[in-house]
Amino acid sequence: MIRARGVSLLNTIYDALVQEFKLRDIYIIPNITERLSASIGSHILNLVNLDKHYFYHAGTLANFRNHVVFIAPSGWGKSIYFRSILPPETGFLSGAQVLITSSVRQTFSIESWMGTKVKSSDGEIEDTEGVFGRYKRGIIGADDYQRIKVMFNGEGISHDEIYLMTALDTNKATKDLAYGGIEIGGIGLTLWVGMRPTTLTLTSGLARRFTFQRFFPTRAEAKIFRNIARKQIRTKISERLKKHHSKVAEVLQSVYMQIDEVGAKKIDYSEINNFLDELDVPHFEEQIYRRLAVGMAVAEGNYPDIKLSAHVKSLISDELDARDSIRASMWSDVMRHILNGEEEHSMKLSDMKRFLMRYYQLTEDEVRHVLVEVKMKGTVVYRKKNGTKYVELRGGV
């Protein structure tokens, strides 16, 4: 069982991330700490496997990574979470850059993944290193990578995005160019991206490489965020956070070493598989949930014992619910979250329109489309009370 050497038994990856968010006074949304700590845990396990080749799947090196899509309206925390963890100078991982390089940016260009080869003015062929080369052992994030919608929906995917899909699930990627090929091995990059609520399909193989974090704020949460935003913003990282990051680096390095000590011991997923059977998860999606479970086991300090802990159970259930809601109607999910935060699960229609336009940053036409969609899906009903039109959840749930 993994326990971080030289630190409190409570200082697992999960506990360290909980402490990080407390020190930064960050509002915690459901499952965000579990999902991101599981991603970090599975990333470290994957690094060990890249280095030592302990585990294989179907004849190739096994992949344990949990890539994350964070779906929320603009201005609602995607960058706050990513930028509390990933900046190499000030983030949660800043003290561990030797083990895990990290970076966060606004978005990615299509061409940035593999890099390229160019001919200089003197005729020499020069390599321009891409993201896979610079961060092959890292965790990188983008606050708003709306382009991934196109990739999920299989619309106009470029060659560079095909390279991305390959690299997210394997440790190699190759690219042919006029001036020669690029071949990158040892890829263990984990990707976190933010996107706004939208219509998605999950039929592409890319969707099985990601886990989905959702945050659809209510009017009550809008008030909470307003108060947080009004607090004085620190211009420098505190000394307390710097000390915490040094401790985090020790924890992460110790986790790596102890996974290595466990070696090639077979991972027993039987408890997780039984739970997946209860939930009737399709066989082609089981790997998504097993990776979450093993990542959480590492993050909680339980690896190689893969148990159905409270955090694992909550994370798997949330992931299944997220994928079901995306397939059915993401806007129905948004509407349920908003109205479940209201007394009697009801809101004046005029207030709902204003809330979606101001806080979800939708246009008037987009709001009209959403309200028609959720009515057609049977999510809401419209009723008049004392001459005022209301929107409420069908059945009140």
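Scope of this entry: the structure provided in the associated data block. A quick note: this is a predicted structure, and the numbers were derived from the prediction, not measured. (Residues numbered from 1 in each chain as written. Predicted model: local features only at pLDDT ≥ 70, side-chain atom pairs only at ≥ 80, totals over all residues. Heavy atoms only, no water.)

Throughout the structure, instances matching the rule amount to 25 salt bridges. For Arg-290, the salt bridge goes to Glu-286, with nearest N and O atoms at 3.0 Å. Remark: Glu-286 and Arg-290 occur in helix α10 (residues 286-300); sequence separation between them is 4 residues, near one turn of the helix. Residue Glu-286 is classed as buried on the basis of its relative accessible area of 16%. The structure contains a network of salt bridges with shared partners spanning Arg-35, Arg-214, Glu-285, Asp-318, Glu-319, Asp-321, Arg-323, Asp-324, Arg-327 and Asp-333. (Salt bridge = Lys/Arg side-chain N within 4 Å of Asp/Glu carboxyl O. Helix = DSSP H or I, 4+ residues; strand = E, 2+ residues; numbered from the N terminus. Buried < 20%, exposed > 50% of the residue type's maximum accessible area, 1.4 Å probe, protein only.)

With respect to the helices and strands, Ser-94 occurs in the loop between α3 (78-85) and β4 (102-105). The exposure class assigned to Ser-94 is buried, which follows from its relative accessible area of 16%. Among the polar contacts listed, one links the side chain of Ser-94 to the backbone oxygen of Gly-91, at a separation of 2.7 Å. Setting aside its immediate chain neighbours within four residues, Ser-94 contacts Pro-87, Pro-88, Glu-89 and His-245. (Polar contact = N/O pair within 3.5 Å; in protein donor to acceptor, adjacent residues only side chain to side chain. Contact = heavy atoms within 4.5 Å.)

With that out of the way, let us pick up the packing of aromatic side chains. Within the structure shown, the criterion is met by 16 aromatic pairs. Ring geometry for Trp-76 against Phe-225: centres 4.9 Å apart, planes inclined by 55°, an arrangement best described as tilted. Remark: Phe-225 occurs in helix α7 (residues 219-230) and Trp-76 occurs in the loop between β3 (67-71) and α3; sequence separation between them is 149 residues. Among the residues examined, Phe-225 registers a relative accessible area of 12% and is labelled buried. Cluster of aromatic residues (ring-pair linked, three or more members): Tyr-27, Trp-76, Phe-215, Phe-225, Phe-355, Tyr-359 and Tyr-360. In this structure, Arg-290 packs its charged tip against the face of Tyr-269, placed 5.9 Å from the ring centre. Here the guanidinium or amino end of Lys-385 rests over the ring plane of Tyr-390, the centre of that ring lying 4.9 Å away. (Phe/Tyr/Trp six-rings, centres within 6.5 Å; stacked < 30°, edge-to-face > 60°. Lys NZ or Arg CZ within 6 Å of the ring centre and 35° of its normal.)

Moving on: the sheet that holds strand β11 (residues 210-214). Reading across the sheet, the 5 strands line up as β4-β7-β10-β3-β11 and stay open at both edges, with parallel pairing between neighbours. Each having just a single partner strand, β4 and β11 make up the two edges of the open sheet. When strand polarity is set aside, the average angle formed by the axes of neighbouring strands in this sheet is 15°. Summarising the sheet, strand β7 (residues 139-142) and strand β10 (residues 190-195) pair through 4 bridges and their orientation is parallel. What sits directly across from Ile-139, in β10, is Thr-190. (Pairing = 2+ DSSP bridges. Axes fitted to C-alpha atoms, helices over the stretch in contact; angles between N-to-C directions.)

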